[in-house]
Amino acid sequence: FFWTMGERSGGTESSTKASLESLLVVTMGGSIDKTYSVEQSDFVVGSPAVRRMVKAVGKVQRRMEFKEICRKDSLAVTEDDRQEVVKVVTEASQRFIVITHGTDSMAATAEALKDVAVEEGKTVVLTGAMKPEAFKDTDAYFNLGAVGGVVVVAVCGPLPFLSKLFPLLGLC
């Protein structure tokens, strides 16, 4: 689980400085946050998993701030939700932003963020998971770890998901 480049030998002063900047983690729900509800006899979107994941990993060499937008399956994410995440990204003081999101409509949210990320000079990376963080065989830790490394070095590049790299919506 690698969040910074600052400790790696051969890093430049600018990469070290960038790696130590605060990271904003925005949560929107999705499978990564799903948990089983006994009351509903079904999986529901629960509290953001990313906080538990960071705590479980241990020492993370980066100050992180968390902002929850919603707790929804991505098929339930609305245009109002997307406008709220655009507003959060626009107003954020951080230039590195990770957004956890459900996978079904992640591309639509990325499209909504494309212009603001470029205009504001921010690196915004979306990630999610096919299996909830609570599952033993989840992909959540891998995906979050991958974007943790990518966010500080990618000005323009791929979206890591399920050990595959997906190109960013025509930005590159």
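Everything below is about the structure printed above this text.
Residues numbered from 1 in each chain as written. Predicted model: local features only at pLDDT ≥ 70, side-chain atom pairs only at ≥ 80, totals over all residues. Heavy atoms only, no water.

Describe the pairing of strand E1 (residues 23-29), and please don't skip the residues or the numbers.
Summarising burial for E1: seven of the seven residues are buried, a large majority. In this sheet, strand E4 (residues 64-72) lies alongside E1 in parallel orientation, the contact comprising six bridges. Bridging from a neighbouring strand, Leu24 pairs with Glu65 of E4. Where E1 and strand E5 (residues 96-100) come together, five bridges link them in parallel fashion. Counterpart to Thr27 in the pairing with E5 is Thr100. (Buried < 20%, exposed > 50% of the residue type's maximum accessible area, 1.4 Å probe, protein only. Helix = DSSP H or I, 4+ residues; strand = E, 2+ residues; numbered from the N terminus. Pairing = 2+ DSSP bridges.)

Outline the packing of aromatic side chains, listing residues and values.
The tally for this structure, following the rule as stated, stands at two aromatic pairs. On the numbers, 5.4 Å between centres and 75° between planes, the contact of Tyr36 with Phe43 is edge-to-face. In this structure Tyr36 comes out as partly exposed when scored by relative accessible area, which is 45%. An angle of 65° between the planes, with centres 5.6 Å apart, marks the rings of Phe43 and Phe135 as edge-to-face. Remark: Phe135 occurs in the loop between strand E6 (123-127) and helix H5 (140-150) and Phe43 occurs in strand E3 (residues 42-45); sequence separation between them is 92 residues. Take Phe43: its relative accessible area is 36%, and that puts it in the partly exposed class. The class for Phe135 is partly exposed, based on a relative accessible area of 31%. (Phe/Tyr/Trp six-rings, centres within 6.5 Å; stacked < 30°, edge-to-face > 60°.)

Please provide a residue-by-residue account of the side chain of Thr138, values included.
Along the chain, Thr138 turns up in the loop between E6 and H5. Under the relative-accessibility criterion, Thr138 is labelled buried at 18%. Of note is the side chain of Thr138, whose polar atom sits 3.0 Å from the backbone nitrogen of Ala140. (Polar contact = N/O pair within 3.5 Å; in protein donor to acceptor, adjacent residues only side chain to side chain.)

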